[in-house]
Amino acid sequence: MSLTVLMNAGPWLSVPPPGYGGIENVIATLVPELRRLGVRVVLASVGTSTLPVDERVSVFPDGQFSALQRPYNQVCGVAQAHLAGVARELHSRDDIDLVHDHVEAVGLATLAAMGPDAPPALHTLHWDLAKHPALYGHLDGGNRVRVNGVSASQLARAPQALRDHSVGHVHLATPLAVDAHRRPRPPKGRHVVVLGRINPGKGQDVAARLAHRCRFPLVLAGPVGPYHRPEDLAAAGDEARQNPDVRFFLDEVAPHVDGDRVRWVGTVAGQDRDDLVASARVTLFPLRWEEPGGTAVVESLALGTPVVATTRGCLPELIDHGRTGLLTDDEEQLGELVLAAGRIDPAQCRREAATRFTPAVMAQRYVELYERVRQLAPAR
Ligand code: UDP
């Protein structure tokens, strides 16, 4: 296939990410499979990215993640500086067939504003963009930008302007799903794990409370705001409270963290993360937000660990209730479901992941969408 795609990863983290990094993980998972299918990939990212690609473009030498803690207009400033570099690149060459953009609402607006000379673009929605409604205006007027969701439920909740430009959804994937059903099974421990950013939407406070009530050992893995290790948060002092996720952790979660039944281990990466999840009896998602894509959900299945979650966002699309996990609308019931999840067969979770959530399945679907976006785009 002769197709050159500029993959816009944004300025926040390198690709692959050093630890936590939802969007950057998606790109690191997708790109090798696209290249295997013959797609040339130009990666627009930061200088520290190491993902093998055909060409690179970067404005910032390294990840600007800490800038995300600044006021929103400053966050936009960093994104716009990156996007200006991408726009310069696109204007200086004519071999890019399509832009696959991942940079939130700012990326969407910039691409839409680039005018008829720009290549067609597919913008993947990673978040719930309802936060920034003003930016959808740029999509009006039949321009060249199309969007896809990471789940049907995310798209169904998206504002009309986005849905009018949608070409469908593509579920997230994980390299762990490749041959997941053939890998040896690690021994299971007793612990339950919550994997993800510590944040009210992810509900770690509920998990911690239920762990004490239903008496199961709980490991909370993930960063609190910009702090990846408990000792870094401890050293930061009162200033850290400016971050809302730090306030949530200190006020709602930390009172339950006793270092015994409930532990916060900070960000876990690589083999440590996989071992922690694979040896857990359940991965718990006490979600209070409408989870858009749920990488950690498909990772858990691929590692043979059943999922117990609130029925929010994409969870009913990813989890087959009773077969690969247990879902409930009532967060108070989650504790009982953790105890009941022993009846879910870990092998079934792995088989499901190996069939539905591999990078090859995701890449094939994106190639179909790229073709569709190019067909829909007006001639340049
Ligand atoms: N993650 C990780 N270490 C952690 C916490 C999270 O590697 O301590 C990874 C997790 O395995 C997943 C990603 O970060 O790949 C989170 O993506 P997800 O879609 O679950 O949530 P998001 O943060 O994007 O809402």
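Above this text you will find the structure in question.
Parameters at a glance
Residues numbered from 1 in each chain as written. Predicted model: local features only at pLDDT ≥ 70, side-chain atom pairs only at ≥ 80, totals over all residues. Heavy atoms only, no water. Helix = DSSP H or I, 4+ residues; strand = E, 2+ residues; numbered from the N terminus. Buried < 20%, exposed > 50% of the residue type's maximum accessible area, 1.4 Å probe, protein only. Areas by Shrake-Rupley, 256 points an atom, 1.4 Å probe, with all protein chains shown as cover. Pairing = 2+ DSSP bridges. Axes fitted to C-alpha atoms, helices over the stretch in contact; angles between N-to-C directions. Contact = heavy atoms within 4.5 Å. Near = heavy atom within 4 Å. Polar contact = N/O pair within 3.5 Å; in protein donor to acceptor, adjacent residues only side chain to side chain.

*Asks:* Explain the overall build of the protein here, please?
*Replies:* Counting its secondary structure elements, the protein contains 14 helices and 13 strands. Along the first, second and third principal axes, the C-alpha set of the protein runs to 60 × 50 × 35 Å. Evaluated residue by residue, the protein yields a buried proportion of 56% over its 380 residues. For the protein, the exposed surface amounts to about 15400 Å²; the carbon and sulfur share of it is 51%.

*Asks:* Where do I start with the sheet that holds strand E10 (residues 262–266) in this structure?
*Replies:* Pairing between the strands of a sheet is mediated by backbone hydrogen bonds and can be parallel or antiparallel. Within the open sheet, the six strands sit side by side as E10-E9-E8-E11-E12-E13. Their pairing is parallel. Of all the strands in the sheet, just E10 and strand E13 (325–328) have a single pairing partner and so form its edges. Adjacent strand axes in the sheet meet at a mean angle of 20 degrees when their direction is disregarded. Here strand E8 (residues 192–195) runs beside strand E9 (residues 218–221); their pairing, made up of four bridges, is parallel. Directly across from Val-192, in E9, lies its bridge partner Leu-218. The strands that helix H6 (residues 204–214) touches are E8, E9, E10 and strand E11 (282–285); relative to E9, the one it contacts most, it runs at about 165 degrees.

*Asks:* How should I be thinking about unusual backbone geometry in this particular structure?
*Replies:* Most peptide bonds are trans, and most residues other than glycine sit at a negative phi. The amide bond that connects Val-15 to the next residue, Pro-16, takes the cis arrangement and shows omega of 0 degrees. Following the sequence through the fold, Pro-16 ends up in the loop between strand E1 (3–8) and helix H1 (22–36). Despite not being glycine, Arg-215 has its phi angle at roughly 60 degrees, a positive value. Tracing the backbone through its elements, the reader meets Arg-215 in the loop between H6 and E9.

*Asks:* Is there a simple way to think about the site of the ligand in this case?
*Replies:* Among the 19 residues in the neighbourhood of the ligand, the closest are listed as Tyr-20, Arg-197, Lys-202, Val-268 and Glu-299. In the environment of the ligand, an oxygen atom lies 3.5 Å from a nitrogen or oxygen atom belonging to the side chain of Asn-25. Thr-295 places a main-chain nitrogen or oxygen 2.9 Å from an oxygen atom of the ligand. The fraction of the free accessible surface of the ligand (540 Å²) that becomes covered by protein chains is 94%. Listing elements by their share of the shell around the ligand, those giving two or more residues are H1 and helix H10 (295–302). Of all the elements, H10 adds the most residues to the shell around the ligand, at three residues.

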